[in-house]
Amino acid sequence: MQKISTCLWFDGQAEEAAKFYTSIFPNSEITHTILYPEAGHEIHGQKPGSVMTVEFFLSGRQYLGLNGGSIFKFNEATSQMVNCETQKDIDFYWEKLGAGGDPQAQQCGWLKDKFGLSWQIVPTMMAELFSKYDKAGRERAMAAMMKMKKLDIAALEKAAKGK
């Protein structure tokens, strides 16, 4: 068990979300599901026997999905970042995670999935892009990125090089 892991609060969709996410990422699995007991019903308000938590791993990283009700919603203050080596990887994760999500919440490599969770689908070369080039190159790359929804590695490099 990891010392620090992420808990994601859902309104009844924790199991569906865990199945969705584990179907996308390699080295991923659902490892444990706990159902709500009768005890505590007056506090948690959830139906006894319904899914309370789902423990799962995405690319080897531990998560817990909690069906806590409608009290809290995801927002962009926290996101999951997917580092991609290739444009093919960016395209894959963008398509899979964005399916059924909010198209209005797409900008600069960010998207919101069908559960409302924000993701950043970014090329691993971003740090190099913004440190390798001179100020003018970095400005051009930033200007290009600000116009994108899904990030395009070739277009970012082209902008940085001034081509």
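## What about the nonpolar core?
Nonpolar side chains in soluble globular proteins tend to be buried together.
So, point 1. Counting 40 residues, the largest nonpolar core has Tyr21, Leu97, Trp119 and Ile121 as its most contacted members.
So, point 2. No other element matches the 6 residues that helix 1 (residues 14–24) contributes to this core.
So, point 3. If we ignore the near neighbours within four places in the chain, the residues touching Trp119 are Tyr21, Phe25, Leu58, Ser79, Gln80, Val82, Leu97, Gly109, Trp110, Leu111 and Asp113.

## As for the packing of aromatic side chains
So, point 1. Summed over all chains, the structure comprises 12 aromatic pairs.
So, point 2. For the ring pair Phe25 and Tyr93, a centre distance of 5.0 Å and an interplane angle of 20° mean the geometry is stacked. Taken together, the positions of Phe25 in the loop between helix 1 and strand 2 (29–35) and Tyr93 in helix 3 (residues 87–98) put the pair 68 residues apart, joining distant regions of the chain. Each member of the pair, Phe25 together with Tyr93, is buried.
So, point 3. Plain terms: the ring middles of Phe56 and Tyr63 are 5.5 Å apart, the flat faces sit at 10° to each other, and that makes the pair stacked.
So, point 4. By relative accessible area, Phe56 is classed as buried at 0%.
So, point 5. Tyr63 gets classed as buried once you look at its relative accessible area, which sits at 4%.

## Observations regarding the side chain of Gln62
So, point 1. Mapped onto the elements of the fold, Gln62 is located in strand 4 (residues 61–67).
So, point 2. On the accessibility criterion, Gln62 (5% relative accessible area) is buried.

## Structural notes on the sheet that holds strand 5 (residues 79–84)
So, point 1. On the basis of which strands lie adjacent, the open sheet formed by 4 strands has the order 5-8-7-6 and mixed pairing. Looking along the sheet, the strands with just one partner apiece sit at the ends: strand 5 and strand 6 (102–107). Ignoring which end each strand starts from, the neighbouring axes of this sheet average 25° apart.
So, point 2. Of the pairings in the sheet, the one linking strand 6 to strand 7 (residues 110–112) comprises 2 bridges and is antiparallel in character. Counted as the bridge partner of Asp102 is Lys112 from strand 7.
So, point 3. Packed onto the sheet, helix 3 meets strand 5, strand 6, strand 7 and strand 8 (118–123) and runs at close to 170° relative to strand 8.

Calculation criteria
- Residues numbered from 1 in each chain as written.
- Predicted model: local features only at pLDDT ≥ 70, side-chain atom pairs only at ≥ 80, totals over all residues.
- Heavy atoms only, no water.
- Core = buried A, V, L, I, M, F, W, Y, C linked by side-chain atoms within 4.5 Å.
- Buried < 20%, exposed > 50% of the residue type's maximum accessible area, 1.4 Å probe, protein only.
- Helix = DSSP H or I, 4+ residues; strand = E, 2+ residues; numbered from the N terminus.
- Contact = heavy atoms within 4.5 Å.
- Phe/Tyr/Trp six-rings, centres within 6.5 Å; stacked < 30°, edge-to-face > 60°.
- Pairing = 2+ DSSP bridges.
- Axes fitted to C-alpha atoms, helices over the stretch in contact; angles between N-to-C directions.

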